[in-house]
Amino acid sequence: METVQPKLSELLGEHGYLIVNRGEMLTVKKKSPTFIVMAVLSILAGIFTFYLSLVMILDYRIILLGFLFIGLPFIYERWKYPNQITFDENEKSLTLKSGLAYSQKLRFDDITSLEVDESVVTSDTSPFKDGYQDFIYDFKLIVGRTKLKLINVMFRKASDDEIKQIASFFSEKLQLKTK
């Protein structure tokens, strides 16, 4: 059983990720309770709107609005970054879980490569001063011709060493062949 480097665990921890190692299964979790709270509030608003439309108004547009509120968290979770990434060494598979109900399981053999996109966002504070820069790194898995979101991290300065460390960790866990 191999352990995760403490520096990597600390680095991902700064960005809201927690690494849990359970023998042959390693899980990277995103600590974000705000999505769950917003999803529950949206579902409750949808149920209330649906109930109100059936009891008092009985208008098809209000009923559709209730269904939209209920379905919004389930629709949105397909396009967001996964909140749980599980590496299973026995099955040689990766499970990406987003939101409340969406889950996708991939075999290591199906994943061709790992891609890191860097984008720099600059904000101006005044015309006489340099603005702040945020360096946003998006990690994506290449499976065939599709790109799947893996994680997203942001730094205040260019952090090539940290990004290389995160990329090598995921490449090693996914057993990717480096060229």
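Use the structure listed above.
All figures in this text were calculated on a predicted structure; none of them were measured in a lab.

## Examining the side chain of Asp88
Stage number 1. Along the chain, Asp88 turns up in strand 3 (residues 84-88).
Stage number 2. No salt bridge forms around the buried Asp88; measuring N to O, its nearest opposite-charge neighbour Lys105 is 5.4 Å away.

## Quick notes on the environment of Asn152
Stage number 1. Looking at the secondary structure, you find Asn152 in strand 8 (residues 146-155).
Stage number 2. On the basis of relative accessibility, which here comes to 26%, the residue Asn152 falls in the partly exposed class.
Stage number 3. Taking the C-alpha atoms as reference, Asn152 lies 4.6 Å from Asp138; in sequence the two are 14 residues apart.
Stage number 4. Residue contacts for Asn152: discarding those within four places in its chain leaves Tyr17, Tyr81, Ile136, Tyr137 and Asp138.
Stage number 5. At 2.8 Å, the side chain of Asn152 and the side chain of Asp138 are in polar contact.

## Some remarks on the pattern of salt bridges
Stage number 1. Using the criterion set out here, one finds four salt bridges in the structure.
Stage number 2. Note that Glu91 and Lys105 form a salt bridge whose closest N and O atoms lie 2.8 Å from each other. Of this pair, Glu91 sits in the loop between strand 3 and strand 4 (93-98) while Lys105 sits in strand 5 (residues 102-107), and the two are 14 residues apart along the sequence.
Stage number 3. Residues Arg107 and Asp110 are paired through a salt bridge, measuring 3.3 Å at the closest nitrogen-oxygen approach.
Stage number 4. Overall, Asp110 belongs to the partly exposed group, its relative accessible area being 33%.

Criteria and thresholds
Residues numbered from 1 in each chain as written. Predicted model: local features only at pLDDT ≥ 70, side-chain atom pairs only at ≥ 80, totals over all residues. Heavy atoms only, no water. Helix = DSSP H or I, 4+ residues; strand = E, 2+ residues; numbered from the N terminus. Buried < 20%, exposed > 50% of the residue type's maximum accessible area, 1.4 Å probe, protein only. Lys, Arg positive; Asp, Glu negative; His and termini not counted. Salt bridge = Lys/Arg side-chain N within 4 Å of Asp/Glu carboxyl O. Contact = heavy atoms within 4.5 Å. Polar contact = N/O pair within 3.5 Å; in protein donor to acceptor, adjacent residues only side chain to side chain.

Coordinates in, geometry out; function isn't part of it.
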